[in-house]
Amino acid sequence: MSSALSLSSRFHIRILPSFLSIPSRLRPAALRLLRSTPTGLSLSLRNSERRSSLRTFTIAASGSSPSPAPKMVKAIRVYELGGPEVLKWEDVEVGEPKEGEIRVRNKAIGVNFIDVYHRKGVYAKETPFTPGMEAVGVVTAVGPGLTDRQVGDVVAYAGNPMGSYSEEQVLPASVVVPVPPSIDHKIAASVMLKGMTAYVLLRRCYKVEAGHTVLIHAAAGGVGSLLCQWANALGATVIGTVSTEEKAAQAAEDGCHHVIVYTKEDFVARVNEVTSGNGVNVVYDSVGKDTFQGSLSCLRSRGFMVSFGQSSGRPDPVPLSDLASKSLFLTRPSLMHYTATRDELLAAAREVFANVAAGILRGRVNHIYPLSDAARAHADLEARKTSGSIVLIP
Ligand SMILES: NC(=O)c1ccc[n+]([C@@H]2O[C@H](COP(=O)([O-])OP(=O)(O)OC[C@H]3O[C@@H](n4cnc5c(N)ncnc54)[C@H](OP(=O)(O)O)[C@@H]3O)[C@@H](O)[C@H]2O)c1
């Protein structure tokens, strides 16, 4: 006695009664195996829930031709939130692109502090997940109906959907942008998310102009170094804070006119001194808890406080009245909200890549790790051992 089950329009199997004895929970896996196996399959499954011993089911398969085996790639997976050790190197299945999607083989993957927040659970994400919000890669497959992308295109993306810590991934075509051929893959991966963030901060949250004085915390970091280069090119007087003398040297090279080692000096007093008591037009604060209150003190009347990160922890709540003494503006921007439309995304990427091509932005790829070693990259980033950008190579 046998019954037939349609798997796809191309492929049918005859199921022996033994298939029906496979626990229903395990049937999808059995069917997946069956799809990729030639006619006549002996299938072994262990039912761990019931602690039963290994059982073998024999299933006869027949059909025109089996679908190709699922494509497996290596990726970093997170099953539980925690320290860098929760980043696991595993085989994962990467599907075929559906309508509006492309599959991309990643060449260089940017590491960002937001990956640390996701891993630790600072920003809620359901487990398991593959972390990563930025990559540059080559298109390997194009979903049905898509005409403006081709296999072989070099593309970059930054933001959602999360999942770039993978050798290959499927993405909505609407989130990727073409990478100009003159720009190296690693440089592109180091400036996509961080450079577009710098663009949003300097050109859209608060428009920096010649004659402004700006304070940039973590000035030797990934975003920080690009902010310094760009603010300097815009004609601003740039004050940067860093934790070490080595980072101070890099920040000076990147265009900081005044560098403050905030682990040794009181940055509020030094900003006061440098600005002759006038304060700065704008503070770009990604450090958060440790710097937030001091940053407010550094602002001049009607100054802009741009709080865009929390590398040292969430800042304490601010009573509105704290802004009243100098009529201050406070904003907490997210890149995603400024690149929400396709036009905004393309405009941001265009400006970043144009500035890279013009030599205004010099992506500092100071740290390169194999993708499998993402845990070490995270540990170094959190320990403040890194400067510039970190790139993972699959
Ligand atoms: N809002 C957005 O859309 C957006 C987009 C991108 C990035 N960000 C934020 O921008 C910040 C920078 O990101 P990134 O990827 O370029 O990282 P990063 O700046 O390269 O690394 C973080 C830096 O923060 C400084 N820091 C100060 N206190 C720290 C602490 N307790 N623990 C760790 N680091 C500390 C360190 O520099 P020193 O050693 O010099 O102190 C460290 O190198 C992050 O806060 C990130 O969340 C926000």
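So, how was this worked out
Residues numbered from 1 in each chain as written. Predicted model: local features only at pLDDT ≥ 70, side-chain atom pairs only at ≥ 80, totals over all residues. Pairing = 2+ DSSP bridges. Helix = DSSP H or I, 4+ residues; strand = E, 2+ residues; numbered from the N terminus. Axes fitted to C-alpha atoms, helices over the stretch in contact; angles between N-to-C directions. pLDDT = per-residue confidence, 0-100. Contact = placed C-beta atoms within 7 Å. Buried ≥ 20, exposed ≤ 12 C-beta atoms within 10 Å, placed from the backbone. Expected span 1.5 Å × (residues − 1). Bend = angle between axes of the 7 residues up to and from the residue. Left-handed = near helix turned anticlockwise from the far one by under 90°. Nonpolar A, V, L, I, M, F, W, Y, C, P; charged D, E, K, R; others polar. Parallel < 35°, antiparallel > 145°, perpendicular 65-115°, else oblique. Near = placed C-beta within 6 Å. Domains from an automatic or database assignment. Core = buried A, V, L, I, M, F, W, Y, C linked by C-beta atoms within 7 Å.

**A short note on the sheet that holds strand S17 (residues 329–331)**
Part 1 of the argument: Taken in spatial order, the 6 strands make up an open sheet running S14-S13-S12-S15-S16-S17, and their pairing is parallel. With partners counted over all chains shown, the strands left at the sheet margins are strand S14 (258–261) and S17, one partner each. On average, adjacent strands in this sheet sit at an angle of 15 degrees to one another, irrespective of strand direction.
Part 2 of the argument: Both strand S12 (residues 213–216) and strand S13 (residues 237–242) contribute to a ladder of 4 bridges, which runs parallel. When the sheet's bridge partners are listed, isoleucine 216 is paired in S13 with glycine 240.

**Focus on the confidence of the model for the protein**
Part 1 of the argument: When pLDDT is averaged across the protein, the result is 88; 83% of the residues are at 70 or more.
Part 2 of the argument: Taken element by element, the protein is modelled with least confidence in strand S1 (residues 3–8), mean pLDDT 33, and with most confidence in S12, mean pLDDT 99.
Part 3 of the argument: With pLDDT under 50 throughout, residues 1–20 is counted as low confidence; its partners more than four residues away or in other chains account for 38 contacts.
Part 4 of the argument: The low-confidence segment residues 36–64, where pLDDT is below 50, has 53 contacts with residues more than four positions distant or belonging to other chains.

**Some thoughts on the environment of valine 142**
Part 1 of the argument: With respect to the helices and strands, valine 142 occurs in strand S8 (residues 134–142).
Part 2 of the argument: The class of valine 142 is partly exposed, set by 18 C-beta atoms lying within 10 Å.
Part 3 of the argument: Residues valine 142 and glycine 100, 42 residues apart in the sequence, show an inter-C-alpha distance of 8.2 Å.
Part 4 of the argument: Beyond its immediate chain neighbours, meaning those up to four positions away, valine 142 contacts Pro97, Ile102, Arg149, Gln150 and Val151.

**Some words on helix H4 (residues 185–205)**
Part 1 of the argument: The end-to-end C-alpha distance of H4 is 28 Å, a good match for the 30 Å that 21 residues give at a rise of 1.5 Å each.
Part 2 of the argument: Maximal helix bending in H4 amounts to about 45 degrees, located at methionine 192.
Part 3 of the argument: Summarising burial for H4: 16 of the 21 residues are buried, a large majority.

**Comments concerning the packing of H4 against helix H11 (residues 342–357)**
The axes of two packed helices give the description: the angle between them and the distance between them.
Part 1 of the argument: Orientation of H4 relative to H11, taken along the N-to-C sense of each, is 115 degrees, at an axis distance of 9 Å. For the pair H4 and H11, the crossing hand works out as right-handed. For the pair H4 and H11, contact is made by Ile187, Val191, Gly195, Met196, Tyr199 and Val200 and by Ala348, Ala349, Glu351, Val352 and Val356, respectively.
Part 2 of the argument: Looking at the contact of H4 with H11 residue by residue, the classes come out as 9 nonpolar, 1 polar and 1 charged.

**A look at the packing of H4 against helix H5 (residues 222–233)**
Part 1 of the argument: H5 packs onto H4 with a crossing angle of 50 degrees between their chain directions and a minimal axis gap of 9 Å. In terms of their interaxial angle, H4 and H5 are classed as oblique. Where H4 crosses over H5, the two elements pack in a sense that is right-handed. Across from Val191, Lys194, Gly195, Thr197, Ala198, Leu201 and Leu202 in H4, the residues of H5 making contact are Gly222, Val223, Leu226, Leu227, Trp230 and Ala231.

**Looking at the site of the ligand**
Part 1 of the argument: By nearness alone, 30 residues border the ligand, and Gly221, Gly222, Ser243, Ser286 and Gly309 come closest of all.
Part 2 of the argument: Every element with two or more residues in the shell around the ligand is listed here: helix H3 (113–120), H4, H5 and helix H12 (374–382).
Part 3 of the argument: Residue composition of the shell around the ligand, by class: 12 nonpolar, 13 polar and 5 charged.
Part 4 of the argument: Looking at the shell around the ligand, you find at least three residues from each of domain 2 (71–191 + 362–393) and domain 3 (210–332).

**Describing the nonpolar core**
Part 1 of the argument: Counting 90 residues, the largest nonpolar core has Ala156, Met196, Val214, Leu227 and Ala231 as the members making the most contacts within it.
Part 2 of the argument: With 12 residues, the single largest contributor to this core is H4.
Part 3 of the argument: The residues that make up this core include at least three from each of domain 2 (71–191 + 362–393) and domain 3 (210–332).
Part 4 of the argument: With residues up to four places along the chain from it excluded, the contact list for alanine 156 reads Val136, Val176, Val177, Val179, Ala188, Ala189 and Met192.

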